[in-house]
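These are the residues of each chain, in order.
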Amino acid sequence: MTDRQGAVTVAGVGVEPLSETVTSARALVLEQPRYLVEHRLALPDIGDDDGLLRVEACGLCGTDHEQYTGELFGGFPFVPGHESVGVIEAVGDRAAERWGVQPGERVALAVFQSCRACGPCQRGDFRACRAHGLTDMYGFRPIDTTPGLWGGYAQYQYLAPDSTVMAVPQGLDPVVATLFNPLGAGIRWGVTVPGTSPGDVVVVLGPGIRGLSVTLAAKRAGAGFVLVTGRGARDQQRLAVAKRLGADAVVDVEHDDPVQTLRSSAGRLADVVVDVTARAPSALGQAVALARRGGTVVLAGTRGSTDTPGFAPDMVVFKELRLLGALGVDVGDYRAALDLLASPDAAPLIDVPRRVVGLGDAEELITTMAGEGDAPPVHGVIEPWR
Ligand SMILES: [Zn+2]
Ligand SMILES: [Zn+2]
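Below is a short write-up of the structure. (Residues numbered from 1 in each chain as written. Chains lettered and ligands numbered in written order. Predicted model: local features only at pLDDT ≥ 70, side-chain atom pairs only at ≥ 80, totals over all residues. Heavy atoms only, no water.)

**Here we look at the coordination of the zinc ion (ligand 1)**
So, point 1. Coordination sphere of the zinc ion (ligand 1), protein contribution only: Cys 61 (SG), His 82 (NE2) and Glu 83 (OE), at 2.0 to 2.2 Å.
So, point 2. Site description for the zinc ion (ligand 1): donor spacing in sequence, C-x20-H-E. One end of the pair, Cys 61, is in the loop between strand 3 (51–60) and helix 1 (62–69); the other, His 82, is in the loop between helix 1 and strand 4 (84–91), and 21 residues separate them in sequence. Each member of the pair, Cys 61 as well as His 82, carries the same accessibility label: buried. (Donors = N, O, S within 2.8 Å, 3.2 Å for Na, K, Ca; no water. Helix = DSSP H or I, 4+ residues; strand = E, 2+ residues; numbered from the N terminus. Buried < 20%, exposed > 50% of the residue type's maximum accessible area, 1.4 Å probe, protein only.)

Listed below in structure tokens is the structure:
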């Protein structure tokens, strides 16, 4: 098929075929920081090599509110949203074969494009693709790059030929399935990158959705002891979730010294420290203090600040620490995350306090998640058809 009219309805998924009158999608465009404006964008014609996703849900993470407030603004208008789950609305014959999908199937969409051929792509590290890289990632691409529908804050998202879609396990709710992104990060940042082994003492700095995902991934990898840190009243609920996910201890760094807590509860310093904090400049100093000699510190996600009060570079030397950066997620980790979400182990993560809004309320939710206004939910999701 070469156009959208061939889309089919699949029992249980509830997607209606596009009628010929549907020619555009509602989409939120971040025109400039703090200006998230609804546009109607024309739907593209789909050829042999591409496709169209009917976005059911798009998860939000720290990147979303950093884009919104301007800490991560690209300097051009774009449709944000990089944690999309939806149903294949239309797909060309060659693309269908390449992706192994048919119209009506529910998929999660990888953030980065991939040529599928270069060395990094063959390892699953699409961020380093020699043909694509970071410039054409979903949720951060100019609206004037045709067809403009490059983000999940829209009813439809364009599936470019070098996109990667991953099947969502049967029965997994699309809103829950958006956790493929933070949980994929949790697996990579908490286990794959540091090489977490059974019995390890692991400290997770920051109890947001990514920190909670790291907690789950580390426990499943056999970590012997996991301590999770948070700060202040706002994090109490999150720290409670961390305990349900298997954290052996939690600490509010506003009141208690995490190093002392770790020493008294685990009996020693950490083999692995994963820093997934936001707006916590002192976290790096804490991470270095929490790590044992020869331990590993993972700095994951961006923090938008050059301040590192309390960070003593000499301690990295004296302790001979490994300081590792982690930017994104490999496609294998996404797939592992989708499988894990379908297993009973993920139940406490699935049950986190969540707020789901339509496009009309997205701006308010993102502002909240940026720490302005009401206490933010642990997990925020946009449903563009709500
Ligand atoms: Zn994200
Ligand atoms: Zn490549």
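**Let's talk about unusual backbone geometry**
So, point 1. Of the consecutive residues Thr 146 and Pro 147, the connecting peptide bond is found in the cis state with omega at 0 degrees.
So, point 2. We note that Arg 116 has phi near 70 degrees; this positive angle belongs to a residue other than glycine.
So, point 3. Position of Arg 116 among the secondary structure elements: in the loop between strand 5 (106–109) and helix 3 (119–122).
So, point 4. For Glu 320, which is not glycine, the phi dihedral falls at a positive 50 degrees.
So, point 5. Here Glu 320 is to be found in the loop between helix 10 (313–318) and strand 13 (322–326).

**Looking at the sheet that holds strand 12 (residues 291–300)**
So, point 1. The sheet built from 6 strands is open, its strands ordered 10-9-8-11-12-13 with parallel pairing. Either end of the sheet is taken by a strand with one partner, and the two such strands are strand 10 (249–252) and strand 13. With strand direction ignored, the average angle separating the axes of adjacent strands in the sheet is 20 degrees.
So, point 2. Sheet topology note: the strand 8 (residues 201–205)/strand 9 (residues 225–230) ladder contains 5 bridges and is parallel. Paired with Val 204 across the strands is Val 228, a residue of strand 9.
So, point 3. Against the sheet, helix 9 (residues 283–290) touches strand 8, strand 11 (270–275) and strand 12, its axis set at about 150 degrees to strand 12. (Pairing = 2+ DSSP bridges. Axes fitted to C-alpha atoms, helices over the stretch in contact; angles between N-to-C directions. Contact = heavy atoms within 4.5 Å.)

**Quick notes on the packing of helix 1 against helix 13 (residues 362–369)**
So, point 1. Two numbers describe how helix 1 lies on helix 13: the axes approach to 9 Å, and their chain directions differ by 105 degrees. One element, helix 1, and the other, helix 13, form an angle in the roughly perpendicular class. Across from Asp 64, His 65 and Tyr 68 in helix 1, the residues of helix 13 making contact are Glu 363, Ile 366, Thr 367 and Met 369.
So, point 2. Broken down by class, the residue content of the contact of helix 1 with helix 13 amounts to 3 nonpolar, 2 polar and 2 charged. (Parallel < 35°, antiparallel > 145°, perpendicular 65-115°, else oblique. Nonpolar A, V, L, I, M, F, W, Y, C, P; charged D, E, K, R; others polar.)

**Here's the deal with the coordination of the zinc ion (ligand 2)**
So, point 1. Only Cys 115 (SG), Cys 118 (SG), Cys 121 (SG) and Cys 129 (SG) from the protein coordinate the zinc ion (ligand 2), and they sit 2.3 to 2.4 Å from it.
So, point 2. Relative to the metal, the 4 donor atoms surrounding the zinc ion (ligand 2) lie at angles of 98 to 122 degrees, and the coordination shape comes out tetrahedral.
So, point 3. Counting along the primary sequence, the residues that act as donors to the zinc ion (ligand 2) give the motif C-x2-C-x2-C-x7-C.
So, point 4. A relative accessible area of 6% means that Cys 121 is categorised as buried. (Tetrahedral: all angles 85-135°; square planar, octahedral: opposite > 155°, others 65-115°.)

**Focus on the environment of Leu 41**
So, point 1. Mapped onto the elements of the fold, Leu 41 is located in strand 2 (residues 35–42).
So, point 2. A C-alpha to C-alpha distance of 11 Å links Leu 41 and Asp 144, two positions 103 residues apart in sequence.
So, point 3. Those residues within four positions of Leu 41 in sequence are excluded, and the remaining contacts are Thr 23, Ser 24, Ala 25, Ala 27, Val 79, Ile 143, Gly 148 and Leu 149.

**A look at the layout of surface pockets**
So, point 1. Approximately 820 Å³ is the volume found for the largest pocket.
So, point 2. Lining the largest pocket we find 35 residues, and of these Pro 207, Asp 235, Arg 238, Thr 277 and Ala 278 sit closest to its centre.
So, point 3. Of all the secondary-structure elements, those providing two or more residues to the lining of the largest pocket are helix 1, helix 6 (209–220), strand 9 and helix 9.
So, point 4. Tallied by class, residues from the lining of the largest pocket come to 15 nonpolar, 13 polar and 7 charged.
So, point 5. If you add up the space inside the second largest pocket, you get close to 450 Å³.
So, point 6. For the lining of the second largest pocket, the secondary-structure elements that each account for two or more residues are helix 1 and helix 5 (180–192).
So, point 7. Here the lining of the second largest pocket takes 4 residues from helix 5, the largest share from any one element.
So, point 8. Grouping the amino acids of the lining of the second largest pocket by side-chain chemistry returns 13 nonpolar, 7 polar and 3 charged. (1 Å grid on protein atoms, 1.4 Å probe; cavity = no way out; pocket = protein on both sides within 12 Å on 5 of 7 lines; lining within 4 Å. Points joined across faces, edges and corners; volume = space filled by probe spheres on them.)

Nothing here speaks to function; it is geometry throughout.
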